[in-house]
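# Chain and residue survey
Below, each chain spelled out in residue letters.
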Amino acid sequence: MRLVLIGNPNVGKSALFNRLTGVHVVASNYPGTTVEITRGTMCAADQQIEVVDFPGIYSLEPSCKAEEVAATELRKLAPNDIILNVVDSTNLERNLGLTLQLTNLRKPMLIALNFWDEAEHTGVKVDASALEKIFGVPCVPVVGTTGQGTRTLAERIRQAAKPTRPYRLEDRRKWEEVGAILGMVQTLSPRRHTLGEWLGDASLKPFSGALIAILVMGLSFGTVRWVGEGLASHIFEPFFERVWSPLMLKLSGVLGSGWLQHLVIGTITDGQIFYGESFGLLTTGLFVTFAAVLPYIFAFYLVLSILEDSGYLPRLAVLTDRLMHNVGLHGMAVLPMLLGLGCNVPGVLASRIVESDRERFICITLTTIAVPCMAQTAMIIGLAGRHGPSALCIIFSALFAIWFVLGVVLNRFLKGESPEILMEVPPFRMPHFRSVLKKIWMRLVWFLREAVPFVLGGVLLANVLYSVGVIDVIGRLAAPVVSGVMGLPKEAVGGLLIGFLRKDVAVGMLAPLHLSFRQTIVACVVLAVYFPCVAAFTIMLRELGAARMLVATAIMGTIAVLAGGMLNLILWA
Amino acid sequence: MKQATIDLWNLPPGEKAIVVAIYGGIGVTVRLDSMGIRPGIALQKISRQPLRGPVVVQVGNNRIALGFGVACKVQVAIGGTKENAT
């Protein structure tokens, strides 16, 4: 037996799924958060039930890819599967359109009336028992984020029934029927615009919207920097210096001066460990992940999760829609790019939010080439920050320029057209404190699980390659490009090689080279552009397929050499 | 009284209007329909971004963003009946 969650986009299916199963999937306040079918289990009606979370759909007659996927899956339902139709109580009319179509499937069904609290606040009164009589299936008021009503919902799963009568209607009659049902179950009380609505609309207008966007983005970046830097310099770095260093020095004494010491601890300068340069597994390896990168990852996801749950991001999509048209995308593509600033892997996955293959190719290529992940950004801030804010400014401006120019070129030369934005803009909602914390926690755990093995592997591999002399050989081979065109020392090849595993380690490997202002900028930009890390590479391969992945890779290599060479020339002058 | 119609992009922001027709392929029509935009529906335009940017309209309790091309396909009559417009 399975319980399948179906409903319009952004009605809170994922939040409810989390509540029912205790499994955690990312739930946010914008349509299209869920791009994959997710499964979990719960105990109800004295048995283990598989719960399935679907991407949101507006209709069973598919008009986009997500709906096609959902419609195909729905046809595969087993006779004893139960449909849980999640409905937004504040928007009953549009939601019931889908409900009527679902009654046609003749499956046991129940309805969750989500956002029950919000409906009350906005003067929408829904008579759940009247609705229950009309459809002949249980209708349970719930609040997915807080969990209100979910217990009742779970208890009533056993009462799920086939709808008393299936509505087989053509479009026009369907809405008439919905209107008739609404008349019986819903009363609207007049009310004034709330402050939230007023702000929500202001954030969609050209002038006030732009002002709010600048304010929000400024605040966000400020907060990420302040929280990240604060955590790093007040908690993590002191911990490594005061607690970890003495431990490592002792361990180093025990290990002596053999290759094992070299691998685990690395270089010790004047009886001290410099975490940027020692390059041992337990020194630089752990320092990079925990002290240099983790604080920024935490800060980034803190801000992103609040932005996601507040409902601001779709507004940003509206405001950036025009800009995104230049690169062959529409406003919603801003969401995968923003996610990519945290880590390219979820960014690439989220690109499913744009529909056509052409858009997805552009979106994925731009994200992996010109959107640096937070791990990389944190290391770049560490490395280039030494040369002052102007270096950082040049690096990020160069990446943006690459993003834009490449996007315009791809848009020009890729065949096909890009569909336009057609998206619901949800109201502002107060982020639910515990959901935000849970989401951050989930993402941090995911980051550590993904990052730690690769960072340690990267440090290990770097050590091995150096000691065997491979890096030296490749360095000499690649010297014409790396030194000739980009003006980097040939030792930088080591960083470029390891960049395939982890970009943050790669930037770390540049630290001991004491690069000049120009070299630092070139190296950081080239590292960001030239190739995705192995995790992003794998997910790209899955999402794009081998052939288009090769095209993307060729573009990356070309751009890296071009951008590196050009920056080198410009900065020389 | 019969009124002149105008497309949704050219409808001035802030105005209320009633959808008269949708001149689009079946895909756009079905999608707009399922999102709540179909002939006879009252809506209010919230905003329009410059340079052929998207428009945002309020339909019932919902706000929906439509790109320039889609907005041009939606033909509306200015002025809504009170009971339909929220």
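Going along each chain's sequence as written, the residues are numbered from 1 onward. Numbering of ligands from 1 and lettering of chains from A proceed in the order in which they are written. Note on the predicted model: pLDDT of at least 70 is required for a residue's local features to be given, and 80 or more for side-chain atom pairs to be given and counted; whole-chain, interface and lining totals, by contrast, use all residues.

## Some words on the overall build of chain B
- Strands are runs of DSSP state E lasting at least two residues, helices are runs of H or I lasting at least four, and both sets are numbered from the N terminus onward. Check the secondary structure of chain B and you find two helices and six strands.
- Going from the N terminus to the C terminus, chain B shows its helices and strands as β-β-α-β-β-β-α-β.
- Expressed as a percentage of its 86 residues, the buried residues of chain B come to 48%.
- Remark: residues whose backbone-derived C-beta atoms lie within 7 Å of one another are considered to be in contact. Restricting to contacts in chain B with at least 6 residues of sequence separation, those with at least 24 account for 64%. Exposed residues have 12 or fewer other C-beta atoms within 10 Å of their own C-beta, buried residues have 20 or more, and residues in between are partly exposed; the C-beta atoms are placed from the backbone.

## As for the overall build of chain A
- Scanning chain A from terminus to terminus reveals 24 helices and nine strands.
- Taking 573 residues into account, the globule formula puts the C-alpha radius of gyration at 25 Å, and chain A, at 27 Å, falls close to it.
- The principal-axis extent of the C-alpha atoms belonging to chain A is close to 80 × 55 × 45 Å.
- Every one of the 573 residues in chain A was classed for burial, and the buried ones make up 50%. In this description the radius of gyration comes from C-alpha coordinates, and the expected globular size is given by 2.2 Å times residues to the power 0.38.

## As for the interface of chain A and chain B
- Opposite the 27 residues of chain A that make contact, chain B presents 26 residues.
- Among the elements of the structure, helix H3 (92-103), helix H12 (313-326) and strand E9 (422-425) of chain A are those that each provide at least two residues to the side of chain A that touches chain B.
- Gly counts as polar in this scheme, as do all residues outside two lists: the nonpolar Ala, Val, Leu, Ile, Met, Phe, Trp, Tyr, Cys and Pro, and the charged Asp, Glu, Lys and Arg. Looking at side-chain class alone, the side of chain A that touches chain B contains nine nonpolar, eight polar and ten charged residues.
- For two strands to count as paired, DSSP must find a minimum of two bridges between them. Pairing analysis gives four bridges linking E9 of chain A to strand E5 (residues 62-66) of chain B, with the strands arranged antiparallel. If you follow Glu-424 of chain A over to E5 of chain B, its bridge partner there is Ile-64 of chain B.

## Let's talk about the packing of helix H15 (residues 357-370) of chain A against helix H24 (residues 546-572) of chain A
All names here are of chain A.
- Between N-to-C directions, angles cover 0 to 180 degrees, with each direction set by a line fitted to C-alpha atoms, over the stretch in contact for helices. Following both chains from N to C, one finds H15 and H24 inclined at 40°, their axes separated by 11 Å at the closest point. As judged from the angle between their axes, H15 and H24 are oblique. Classified by chirality, the crossing of H24 by H15 is right-handed. Residue-level inspection shows Phe-361, Thr-365 and Ile-369 of H15 in contact with H24, the latter providing Arg-548, Ala-552, Ile-555, Met-556 and Ile-559.
- Here the residues of the contact of H15 with H24 sort into six nonpolar, one polar and one charged. The scheme is simple: roughly parallel for angles under 35 degrees, roughly antiparallel for over 145, roughly perpendicular for 65 to 115, oblique for anything else. By convention the crossing between two helices is left-handed if the near helix lies anticlockwise of the far one by an angle smaller than a right angle, and right-handed if it lies clockwise.

## Some words on the nonpolar core
All names here are of chain A.
- Counting residues in hydrophobic clusters, the biggest one holds 198 residues, and the most contacted among them are Leu-335, Cys-524, Val-525 and Val-529.
- In terms of residues, this core owes the most to one element, helix H11 (residues 281-310), which gives 18 residues.
- In this structure, Leu-335 is in contact with Tyr-30, Leu-313, Ala-317, Ala-350 and Ile-353, ignoring residues within four places of it in sequence. Connectivity within a nonpolar core runs through C-beta atoms within 7 Å, and the core itself is a set of buried Ala, Val, Leu, Ile, Met, Phe, Trp, Tyr and Cys residues.

## Considering helix H9 (residues 206-255) of chain A
All names here are of chain A.
- Expected span, for any helix, means 1.5 Å times one less than how many residues it has. The terminal C-alpha atoms of H9, which comprises 50 residues, lie only 65 Å apart, well short of the 74 Å expected from a rise of 1.5 Å per residue.
- Buried residues along H9 sit against helix H8 (195-202), helix H10 (259-264), H11, H12 and helix H16 (374-384).
- Just beyond H9, the residue with positive phi is Gly-256, at close to 75°.

## Here's the deal with the confidence of the model for chain B
- Per-chain confidence: chain B averages 87 in pLDDT, with 88% of residues scoring 70 or above.
- Contacts from residues 82-86 of chain B, a stretch scored under 50 in pLDDT, to residues over four places away or in other chains number eight contacts. Confidence of the prediction at every residue is given by pLDDT, a number between 0 and 100.

## Looking at the sheet that holds strand E2 (residues 16-22) of chain B
- Ordered by their spatial adjacency, seven strands build an open sheet running E9(A)-E5(B)-E4(B)-E3(B)-E2(B)-E6(B)-E1(B), and the pairing between neighbours is antiparallel. Edge positions in the sheet fall to E9 of chain A together with strand E1 (5-7) of chain B, since each of these pairs with one other strand and no more. Strand-to-strand twist of the sheet, defined as the mean angle between neighbouring strand axes without regard to direction, takes the value 40°.
- Note that E2 of chain B and strand E3 (residues 42-48) of chain B share three bridges and pair antiparallel. Pairing of Ile-18 of chain B across the sheet is with Ala-42 of chain B, part of E3 of chain B.

## A few points about the pairing of strand E5 (residues 109-114) of chain A
All names here are of chain A.
- Counting buried residues in E5 gives six out of six residues, a clear majority hidden from the surface.
- Side chains Met-109, Ile-111 and Leu-113 project from E5 onto one buried face, and the interleaved Leu-110, Ala-112 and Asn-114 project onto a second face that is buried too.
- Sheet analysis places strand E4 (residues 82-88) next to E5, joined by six bridges and oriented parallel. Its bridge partner being in E5, Leu-84 is matched across the sheet by Leu-110.
- For E5 and strand E7 (residues 139-141), the ladder comprises three bridges, and the chain directions are parallel. If you follow Leu-113 over to E7, its bridge partner there is Pro-141.

## A few points about the domain arrangement of chain A
Residues and elements named next belong to chain A.
- All domain edges in this entry derive from an automatic or database-based domain assignment. Domain parsing of chain A yields domain 1 (2-188), domain 2 (194-311) and domain 3 (325-415 + 454-573).
- Tallying the contact residues gives five residues for domain 1 and seven residues for domain 3.
- For the side of domain 1 that touches domain 3, the class distribution of residues is three nonpolar, one polar and one charged.

## As for H11 of chain A
Residue and element names in this part refer to chain A.
- A rise of 1.5 Å per residue sets the reference length of H11, with its 30 residues, at 44 Å; its end C-alpha atoms lie 40 Å apart and thus fit the reference within 8%.
- At Val-293, H11 shows its largest bend, some 50°, and a proline, Pro-295, comes one to four positions later.
- A large share of H11 lies buried, amounting to 27 of its 30 residues.
- Within two residues after H11, Gly-311 carries a phi angle of roughly 90°, on the positive side. Here the bend at a residue means the angle between the axes of two seven-residue stretches, the one that ends at it and the one that starts at it.

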